[in-house]
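Observations on the three-dimensional arrangement
Letter by letter, the chains look like this.
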Amino acid sequence: MIKRIALLGVVFLSGCAMRRDTAYRPYKSREKKAFVQADRSIALADVQTNFNAYVTNEVVWAGVIKDVRFKETERTVQVAFEVDQRAFNWKKPYQLSAEGEGVFRAGWVVDKPTRISVLQGRAQPGYMIVVYGKPFRVQDGIVQLAATAVRPIKTSKYKVDPPESGKEQAEAD
């Protein structure tokens, strides 16, 4: 009986050690709050085609930073992101689809004493970014978000799925 309990304990503990919780987890309190409020089912195309239906919704999109600009004011640093939005698997964090789904822009305001140089080191073109926010405008087909939280992720920390070949795509259809 004792051997059986010990064996079950070893199996349980080894299973726990091998189990890897891979679901995406928000990092800081601001992101945690935004994560709870955001509707992950709203796609970029949904907002582009029916902006008024989603203007009050908090959305969350991930993608690759194409461009980032910083502007300093007396009390804040304003950050403008241009992002190539990608499909993101929330159960396999840091893994983006190979193909972009469109471009969106996001504005983010950071209170001082944060320095621009610190922000520039954390968000650069090529980095992945998770952006939470509310759509406030569509201009020339590009959705603009007022960001409530952002999470940049260095290039070494995320993966891009390999693009589907024509043969695989034909088999899927």
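Residue numbers restart at each chain and count upward from 1, following the sequence in its written direction. Only residues with pLDDT of at least 70 are given local features in this predicted model, and only at 80 or more are side-chain atom pairs given and counted; all residues enter the totals for whole chains, interfaces and linings. Here the side-chain values reflect all heavy atoms present in the structure, with hydrogen atoms and water set aside.

A word on the confidence of the model for the protein. Chain-level statistics for the protein give a pLDDT mean of 85 and a share of 83% at 70 or above. The score called pLDDT rates the predictor's confidence residue by residue, from a low of 0 to a high of 100. In what follows, residue pairs with any heavy atoms lying within 4.5 Å of each other are defined as contacts. Contacts of residues 3-20 to residues separated by more than four positions or lying in other chains number zero contacts, the stretch itself having pLDDT below 50. Here residues 166-173 scores under 50 on pLDDT; set against residues more than four positions off or in separate chains, the count is one contact.

Ring pairs shown here join Phe, Tyr and Trp side chains whose ring centres sit within 6.5 Å, with only the six-membered ring taken for Trp; geometry is labelled stacked below 30 degrees between planes, edge-to-face above 60, and tilted in between. Taken as a whole and assessed by the stated rule, the structure comprises seven aromatic pairs. On the numbers, 6.1 Å between centres and 70 degrees between planes, the contact of Tyr 24 with Tyr 94 is edge-to-face. Taken as a pair, Tyr 24 in the loop between helix H1 (2-18) and helix H2 (29-37) and Tyr 94 in the loop between strand E2 (76-88) and strand E3 (95-111) lie far apart in primary sequence, 70 residues in all. Overall, Tyr 24 belongs to the buried group, its relative accessible area being 5%. Ring plane angle 65 degrees and centroid distance 5.2 Å describe the contact between Trp 61 and Phe 104, whose orientation is recorded as edge-to-face. Helix and strand definitions follow DSSP, with helices as H or I runs of at least four residues and strands as E runs of at least two, each counted in order from the N terminus. Buried, partly exposed and exposed residues are distinguished by accessible area as a fraction of the type maximum, computed with a 1.4 Å probe on protein chains only: under 20%, between the cut-offs, and over 50%, respectively.

Attention shifts here to the environment of Gln 139. In this fold, Gln 139 is placed in strand E4 (residues 128-139). Note on Gln 139: relative accessible area 37%, which makes it partly exposed. Residues Gln 139 and Gln 48, 91 residues apart in the sequence, show an inter-C-alpha distance of 9.5 Å. Separated by 3.3 Å, the side chains of Gln 139 and Gln 144 make a polar contact. Throughout this description, a polar contact denotes any pair of N or O atoms lying within 3.5 Å of each other; where both atoms belong to protein, one of them has to be capable of donating a hydrogen while the other can accept it, and for residues adjacent in sequence the pair is counted only when both atoms sit in side chains.

The next subject is the pattern of salt bridges. A pairing counts as a salt bridge when a side-chain nitrogen of Lys or Arg comes within 4 Å of a carboxyl oxygen of Asp or Glu. Applying the stated criterion to the full structure yields five salt bridges. Between Lys 112 and Glu 72 there is a salt bridge, with its nearest N and O atoms 2.7 Å apart. Here the residue Lys 112 occupies a position in the loop between E3 and helix H5 (116-122), and Glu 72 occupies one in strand E1 (residues 59-72), the gap between them amounting to 40 residues. What makes Lys 112 partly exposed here is its relative accessible area of 30%. Its salt-bridge partner being Glu 82, residue Arg 105 comes within 3.1 Å of it at the nearest N-O pair. A residue pair is termed long-range when its members are at least 10 positions apart, and Arg 105 in strand E3 and Glu 82 in strand E2 qualify at 23 residues. Assessed through its relative accessible area of 32%, Arg 105 is described here as partly exposed.

Examined against the element boundaries, Thr 76 turns out to sit in strand E2. Judged by its relative accessible area of 14%, Thr 76 is buried. Separated by 2.6 Å, the side chains of Thr 76 and Thr 73 make a polar contact. Beyond its immediate sequence surroundings of up to four residues, Thr 76 is in contact with Lys 71, Val 109, Val 110, Asp 111 and Lys 112.

Within the element layout of this structure, Arg 86 appears in strand E2. Separated by 3.1 Å, the side chains of Arg 86 and Asp 84 make a polar contact. Among the polar contacts listed, one links the side chain of Arg 86 to the backbone oxygen of Ala 98, at a separation of 3.2 Å. Setting aside residues up to four positions removed in sequence, Arg 86 forms contacts with Ala 62, Gly 63, Val 64, Leu 96, Ser 97, Ala 98, Glu 99, Gly 100, Glu 101 and Val 160.

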